[in-house]
Amino acid sequence: METWAVASICVLLGLTARWTVSLNSYSGASKAPMFGDYEAQRHWQEVTFNLPVRQWYFNTTDNDLKYWGLDYPPLTAFHSLLCAHIANLINPDWIELHKSRGYESPAHKFFMRATEMSDKLHLPAHNINPFLHFFFQSSALLCILLYPGLILIDNGHFQYNSVSLGLALWGVLGLGCGHDLLGSLAFTLALSYKQMELYHALPFFWYLLGKCGKLGLTGKGLILLVKISLTVLVSFALCWLPFLFDPQQTLQVIHRLFPMARGLFEDKVANVWCSLNILVKIKTLLSVDTQIYLSFGTTLLAVLPSSIKLLMKPTFWQFRLALMNSSLAFFLFSFQVHEKSILLAIWRGLTFRNTLFIFLQFALSVLTMAGLSFMSAALEPPAKLPDLFPVLVSACACVHFLGFLLYFNLVQLTESPRSDKKKIN
Amino acid sequence: MAAPRDGTLSWFLALTLGVSLIKFLLIKAYHSTDFEVHRNWLAITHSLPVSKWYFEETSEWTLDYPPFFAWFEYGLSHIAKYFDEEMLVVQNLTYASPATILFQRLSVIFTDLVFVYAVKECCKCVQGGKRPRDILGSPSFVLAVLLLWNFGLLIVDHIHFQYNGFLFGVFLLSVARHFQGRHLEGAFLFAVLLNLKHIYLYIAPAYGIYLLRSFCLIQDNSDGSLKWRNFSFIRLAALGIIVCSVFALSFGPFLALDQLPQVLSRLFPFKRGLCHAYWAPNFWALYNAADKALSVLGIKLKLLDVAKLPKASMTGGLVQEFQHSVLPSVSPLITLICTLISVSPALFSIWHRPCGARGFLRCCVICALGSFLFGWHVHEKAILMAILPLSILAVESKDDAGVFLILATTGHLSLFPLLFTTPEFPIKILLMLLFTLYSFTSLKRLFRPECCLINTVESVYLSGLIPLEIFCELIYPLTSWQQTFPFIPLLLTSVYCAFGIIYSFFRLYGILLRGPRYTTKRKSH
């Protein structure tokens, strides 16, 4: 069958799976007073529609930051504004200032789910991936489109991760096809949508810098560097424009994006700090500042080898490996990581397939997880350790991710500098 | 012959698991009153003795399927009690706790395994022309997808709520057995099927003629004509014993209880109108539409007196008897005569010129379509009875593939009004696109060297389905007419689709009488 037909069928399957998942309930349904992520998104529509831009990120009488205050970059806010305008055409009650808190109705749910589905920007990106051969293409496509993690979080729980992930994917594709400027633009937009994309920022930086370096920093390389820098700076400026006029605005937005006061981690997350906390209570032992420096330092150390290698050998394959390593390193060591951030690393990982190691790891993970899940369902935890099973699951997962980090770093670093074979994967 | 064993099981399993995933995801979707119908039958068969099953009237959804289905519900009820015992109380009308919904949905998904097995058997019976280079291009694979992922079956069973998968499984298994030459098993399965859902009486004539002609008559003359001396009474007797014992098992208890008239009146409720609340896209839909149009025209031209006309409510969505205004009224007897006239040529054809199991299957499709087009109180879901078996013929013959594309697309679109809720709207669009896209591209690829499967006129007609759908579901509800004339979109959909279905009916007849062109020569058995 023609490629376009297979790809379209895969896309339709992905969309069908998403819509059927969205039939279910969303995060925080009927759970007053705070509700959940669904209410957060609705609230942002309310805030961006009714209040002037300068109030969006500030705590005012009309904007209570404690009730789902905006904590994503401006593009999310503009997106919410767009959705709010459409909502206003259909039913202004949905976004009425203050009065619409906790608004829930079948029609509203359909509207919110529809806004969710219409952001499937990343879907066409898969159609034009030139690096996959036909059969791998269809099976890889299905894997990515039907990836349960993203479907459940976006279409079930309710979030808009697909937008930033999609933009980031366009960025990667752009770079892969040699359209550096378009790729940079796309990634800048991704970053301006969700700050989580910082996990992928370093590889973009080193890859493009290395590429310019290879072209010659005095000639073509310099021109490319200037063009890329201009593209990035102008796109950032355009996205952040309303907040650049007043330094207080800029600082406040950054303060909202990076809530340092919230501590090293929250809840159970499968990264190093949470797992370490089981043995050594670092969250309470160290001051917040020390925690910040510690996580900053370790994250930097963790990405250092991969970044240096990418700078020295800026090929697309190296770039993809570095993306994987960077997202894993950030997930494992950085500050205030949420468990949903693992989506970024897994998303990258889905595009790599054929290694025996991965299959073995996968099998091992599945068995361990199955065992733990069974235990969580079947057994009662001891009274003194009520969170025993979630914590064990997180710790187990952390060990796996560390394993992956080690493995992918090895793969990236051991690629011989002289080999130029194009990895068709 | 059959597809190679290696790899066969894996892709079939993948297809089954994939569609099962979709079915599980649809558990939370909208369900129609049919859900309550089946819950009520679970309650009736579980809580009441057999003697009361066909008399129970607490709920308006009285038992109107044959006894085997009642026993099937009885069996299910014993599992149901572990989910939620309250659903088995007859007085709990419209009871729909989460456990009840889960149980009922799961029961449909699991009984679909019968359908899965039947599809596997059918796939073994189809052959490819050239040896396909890849599994994805083989007729077996295409047939498996067309059947397992059939749009109509998915939305009728797993959203609207019915047990058609299970029933079509028995039907297709019976067909597969006939293809494999195991005619007694096929006959037995069909007898069982009739006692599960009597709508399959539509195709009983095809079975009867085929078995008499091709099974009881062992060998023909060298010129293909009848040789009555070869009539095997033993085979006829075997068939008779099988069929009679099945019916005896089914109706026996009710015969003993002297309840047969009551059971039959439940099975054949002719008090219902010519058309269902939503007109199935058949001949009578066109007849009704013409009658309406003529009466409106007559009133406008002052040829008719408004006061003398019966109150127009055929389109009111109620299931009652009504008279036509201008054209002569239609009674159940007339529809029966029309149906018999429409299918007789096909039956004669397989009697005088038997084409083996494939000819029989084509006759089944024609009988199903004829009964759909001219029957009394036909449900639009009955179109599946023609679409599913036609899939088998479609992967082997270019002509059948062309008809299948028209019939399936039109028939599936006519099912859209069944799902009128907003959250399900995107799902039905996506699933329809999926199935239509796949059926067109895969069948085109299957018969690649030959030219297009459908011609320009047919393409234009099918393309017209898109603006029709957009108008009916998106534009019309926003107009003021939605309040005053809410039936217009339904009328338009069924009238438009009726043309496509009637056209397919004639095309199929053409193929039957002309003789199909297969991709390879095969001997008929």
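The name given to chain A in an unreviewed UniProt entry is Alpha-1,3-glucosyltransferase, with Scleropages formosus as the source organism. A UniProt comment under Sequence similarities (unreviewed entry) is attached to chain A, and it reads "Belongs to the ALG6/ALG8 glucosyltransferase family." The UniProt entry for chain A carries the following text under Pathway (unreviewed entry): "Protein modification; protein glycosylation."

Caption draft 1: Expanded view of the confidence of the model for chain A. When pLDDT is averaged along chain A, the result is 79, and 79% of the positions lie at 70 or above. In the model, residues 419–425 of chain A has pLDDT below 50 throughout and makes 13 contacts with residues more than four positions away in sequence or in other chains.

Caption draft 2: How the structure looks around the UniProt feature "transmembrane region" (unreviewed entry) in chain A. In the numbering used here, UniProt assigns the feature "transmembrane region" (unreviewed entry) to residues 131–153, 165–192, 224–245, 317–335, 356–379 and 391–413 of chain A. What you have in residues 224–245 of chain A is 95% helix and 0% strand, and the ends, taken at the C-alpha atoms, are 29 Å apart.

Caption draft 3: Seen up close, helix 11 (residues 260–267) of chain B. Residue and element names in this part refer to chain B. For helix 11, the complete set of buried residues consists of Val 263, Arg 266 and Leu 267. Considered in projection along helix 11, the buried side chains sweep an arc of 100° and stay on one side of the axis. Check the buried side of helix 11 and you find it contacts helix 10 (233–256).

Caption draft 4: Geometry of the packing of aromatic side chains. Residues and elements named next belong to chain B. Following the criterion strictly, the structure yields 53 aromatic pairs over all chains and no others. For the pair Phe 283 and Phe 374, a centre-to-centre distance of 5.3 Å together with 40° between the ring planes defines the contact as tilted. Here the residue Phe 283 occupies a position in helix 12 (residues 283–300), and Phe 374 occupies one in helix 14 (residues 356–374), the gap between them amounting to 91 residues. On the accessibility criterion, Phe 374 (16% relative accessible area) is buried. For the ring pair Trp 284 and Phe 374, a centre distance of 6.4 Å and an interplane angle of 85° mean the geometry is edge-to-face. Taken together, the residues Trp 284 in helix 12 and Phe 374 in helix 14 connect sequence positions 90 residues apart. In this structure, Trp 284 and Phe 374 share a single accessibility class: buried. Put simply, the rings of Phe 35, Trp 41, Tyr 65, Phe 69, Phe 72, Phe 161, Tyr 163 and Phe 166 pair up and form one aromatic cluster.

Caption draft 5: Here's a closer look at the nonpolar core. Ranked by internal contacts, the top residues of the largest apolar core, which has 181 residues, are Phe 168, Phe 171, Tyr 200, Ile 203, Ile 392, Phe 404 and Leu 443 of chain B. For this core, the element with the highest residue contribution is helix 14 of chain B, accounting for 13 residues. Not counting chain neighbours up to four residues away, the residues in contact with Tyr 200 of chain B comprise Leu 167, Phe 168, Phe 171, Phe 190, Leu 193, Leu 194 and Met 385 of chain B. The next biggest cluster of nonpolar side chains, apart from the first, holds 48 residues, and it includes Val 47, Leu 75, Leu 191 and Phe 243 of chain A.

Caption draft 6: The arrangement of the confidence of the model for chain B in detail. Residues and elements named next belong to chain B. Confidence in the prediction of chain B, expressed as mean pLDDT, is 87, and 89% of residues score 70 or more. Between residues 313–320, whose pLDDT stays under 50, and residues either more than four places distant or in other chains, the model counts 16 contacts. The low-confidence segment residues 520–525 (pLDDT under 50) makes 15 contacts with residues lying over four places distant or belonging to another chain. Predicted as a complex, the structure gets a pTM of 0.86 and an ipTM equal to 0.86.

Calculation notes
- Residues numbered from 1 in each chain as written.
- Chains lettered and ligands numbered in written order.
- Predicted model: local features only at pLDDT ≥ 70, side-chain atom pairs only at ≥ 80, totals over all residues.
- Heavy atoms only, no water.
- UniProt positions renumbered as here; feature names shortened; annotations may be inferred.
- pLDDT = per-residue confidence, 0-100.
- Contact = heavy atoms within 4.5 Å.
- Helix = DSSP H or I, 4+ residues; strand = E, 2+ residues; numbered from the N terminus.
- Buried < 20%, exposed > 50% of the residue type's maximum accessible area, 1.4 Å probe, protein only.
- Arc of directions from axis to C-beta.
- Phe/Tyr/Trp six-rings, centres within 6.5 Å; stacked < 30°, edge-to-face > 60°.
- Core = buried A, V, L, I, M, F, W, Y, C linked by side-chain atoms within 4.5 Å.

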